[in-house]
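# Chain and residue survey
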Amino acid sequence: HKAIKGSLGDPTMGSLPPTSLDFSSIDHNSLKNGGASHHQHHQEISRENLLNLFTSQQDLLNHFFKHLDLSQTLDFSRILLSTAGTVFFTGVGKSAFVANKVSQTLVSLSFRSSFLSPLDALHGDIGALSPRDVLVFFSKSGATEELLRLVPCARAKGAFLVSLTSVSGNPLAAVCDMNVHLPLQRELCPFNLAPVTSTAIQMVFGDTIAVALMAARNLSKEEYASNHPAGRIGKSLIFKVRDVMKKQEELPVCKEGDLIMDQLVELTSKGCGCLLVVDEHHRLIGTFTDGDLRRTLKASGEAIFKLSVGEMCNRKPRTIGPETMAVEAMKKMESPPSPVQFLPVVNDDNTLIGIVTLHGLVSAGL
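As a starting point, this report considers the structure included with it. Nothing here was measured: the structure is a model prediction, and the numbers come from that model.

Let's shift gears to the sheet that holds strand β6 (residues 253–255). The sheet built from 3 strands is open, its strands ordered β6-β7-β8 with mixed pairing. Each of the sheet's edge strands pairs with one partner strand only, and the pair in question is β6 and β8 (284–289). For this sheet, the mean inter-axis angle between neighbouring strands, taken without regard to orientation, is 35°. For β6 and strand β7 (residues 274–278), the ladder comprises 3 bridges, and the chain directions are parallel. Paired with Val253 across the strands is Leu276, a residue of β7.

On to the packing of aromatic side chains. Here the structure, examined in full by the defined rule, presents 3 aromatic pairs. Each ring, one from Phe89 and one from Phe138, has its centre 6.1 Å from the other, and the planes form 20°; the classification is stacked. Of this pair, Phe89 sits in strand β1 (residues 87–91) while Phe138 sits in strand β3 (residues 134–138); the two residues are 49 residues apart in sequence, bridging distant segments of the chain. For the pair Phe89 and Phe138, one class covers both residues: buried.

Counting residues in hydrophobic clusters, the biggest one holds 26 residues, and the most contacted among them are Phe76, Leu80, Phe89, Val136, Leu164 and Phe205. Looking at this core, the elements with two or more residues in it are α2 (70–82), β1, α3 (94–108), β3, β4 (160–165), β5 (178–181) and α7 (197–216). At 5 residues, the largest contribution of residues to this core is made by α7. What Leu164 contacts, discounting residues up to four positions off in sequence, is Phe76, Val136, Phe137, Phe138, Ser139, Asn179, Val180, Leu182 and Phe205. Counting 15 residues, the second largest nonpolar core, distinct from the first, contains Leu116, Leu135, Leu147 and Leu150.

In this section: the sheet that holds β5. Strand order in the open sheet formed by 5 strands is β2-β1-β3-β4-β5, and the pairing between neighbours is parallel. Only two strands of the sheet have a single neighbouring strand rather than two, namely β2 (113–115) and β5. Within this sheet the neighbouring strands show an average axis-to-axis angle of 20°, counted without direction. Here 4 bridges tie β4 to β5, and the two strands are oriented parallel to one another. Of the residues in β5, the one forming a bridge with Val162 is Met178. The sheet contacts of helix α5 (residues 145–156) involve β1, β3 and β4, and relative to β3 the element is tilted by about 170°.

What follows is about the environment of Leu264. Summarising the element assignment, Leu264 is placed in helix α11 (residues 264–269). You can call Leu264 partly exposed: its relative accessible area is 26%. For the pair Leu264 and Leu293, spaced 29 residues apart in sequence, the C-alpha to C-alpha distance is 9.2 Å.

Working note: regular strand, side chains alternate between the two faces of the sheet. Counting buried positions along strand β10 (residues 352–357) yields 5 of 6 residues, so the element is predominantly enclosed. Judged from the 5 bridges that link them, strand β9 (residues 342–346) and β10 form a sheet pairing that is antiparallel. Directly across from Val346, in β10, lies its bridge partner Leu352. Where β9 folds back on β10, the antiparallel hairpin that results is connected by 5 residues, among which Asn350 adopts a positive phi of roughly 70°.

Further remarks concern α2. Look at α2: 18 Å from first C-alpha to last across 13 residues, which is about the 18 Å you get at 1.5 Å a residue. All buried positions along α2 are accounted for by Thr73, Phe76, Ser77 and Leu80. One side of α2 holds all its buried residues, which, seen down the axis, span an arc of 100°. Opposite the packed face of α2, turned more than 90 degrees from it, sit the exposed residues Arg78 and Ser82. Check the buried side of α2 and you find it contacts β1, β3, β4, β5 and α7.

Criteria and thresholds
Here the residue index of a chain counts from 1 through its sequence in written order. Whole-chain, interface and lining totals are the exception, using all residues; otherwise, since this is a predicted model, local features are given only for residues with pLDDT of at least 70 and side-chain atom pairs are given and counted only at 80 or more. Remark: hydrogens and water are excluded; side-chain values derive from all non-hydrogen atoms of the structure. Strands are treated as partners if at least two bridges between them are detected by DSSP. A run of H or I in DSSP counts as a helix once it spans at least four residues, and a run of E counts as a strand once it spans at least two, with each numbered from the N terminus. Between the N-to-C directions of two axes lies an angle of 0 to 180 degrees, each axis being a line fitted to C-alpha atoms and, for a helix, fitted only over the stretch in contact. Geometry of aromatic contacts follows a simple scheme: Phe, Tyr and Trp rings, the Trp one being its six-membered ring, pair when their centres are within 6.5 Å, and the pair is stacked under 30 degrees between planes, edge-to-face over 60, tilted otherwise. Throughout, exposure labels follow a simple rule: accessible area from a 1.4 Å probe, protein chains only, divided by the maximum for the residue type, with under 20% read as buried, over 50% as exposed, and the rest as partly exposed. Side-chain atoms within 4.5 Å link the members of a nonpolar core, which is a set of buried Ala, Val, Leu, Ile, Met, Phe, Trp, Tyr and Cys residues. Note on contacts: a residue pair qualifies if any of its non-hydrogen atoms lie within 4.5 Å across the two residues. Helices are assigned an expected span. That span is 1.5 Å times one less than the residue count. The arc in question is traced by the directions running from the helix axis to the C-beta atoms.

Okay, structure coming up:
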């Protein structure tokens, strides 16, 4: 195909590497000290070379963003959104990894999607396709034999076929129901061979469409989280305080008349760094922390032996309800005037039902 004008090097020589990518200019003098041939050594990567590469890749990606046909893209998005069946993605080589990733993104957003291996498809997997489905081909050249072989079989199944390609007038686009051109100026690779820019473009395109579909479907945070129960995102949106709090016998509970010195074991053994002071109905009166213990000891010395917890406790502690999201508990602990390490969990009538600690939240993966 024709060399595209306006590449990063000589505008008339689109097939040559941009000057910033010409690795032949690397200084070999540094190797002479070692006395070995440069074929046996790696070159040093200079800061300038690296910066040039990233700048060039940025320019190449910008070319894609500037020249993407939005009306083609919109048509493609609407077809995926209105599909009654499954959106299958396929590709060969590096494009197969992208096809798999974009499919996984859609699955995580509650869309029916799957990756179809072109090789396995010709050995039985094509049976998964139905007239309600869409099959999306990722291919830079649009000339990959395995994909072209797959087309008539997929068409026989009645699926709607879409090609996402970067070379104009390619054979795959000619035999699909629809084509979206993904504008590619050249690969970042100095030989314009290794698919490093084309795959980046495919990934950006596919994942951006996925988010457009997510918005069109009004997918809620909770639905997204329910697809990611093990991930941090999921935990922060699924777990409530009641799921991560300590309760009942794990709680360091005492009465306000108890002497501080009698409660030291309770204060230290439950691993919460505090005492939770309750009345006879188990309603929360206040908290007494190991920090309070140090301050009391410093201020009163031996008199601490006679002091009750109720005399020295904080009667206005921060508390939280059991149905609050665990991530909100984390925010509440960190909020001004100063961060705290725990929050007593109380229900509507101030009855103590648990304690959530910073350590507990971190352990839960929040």
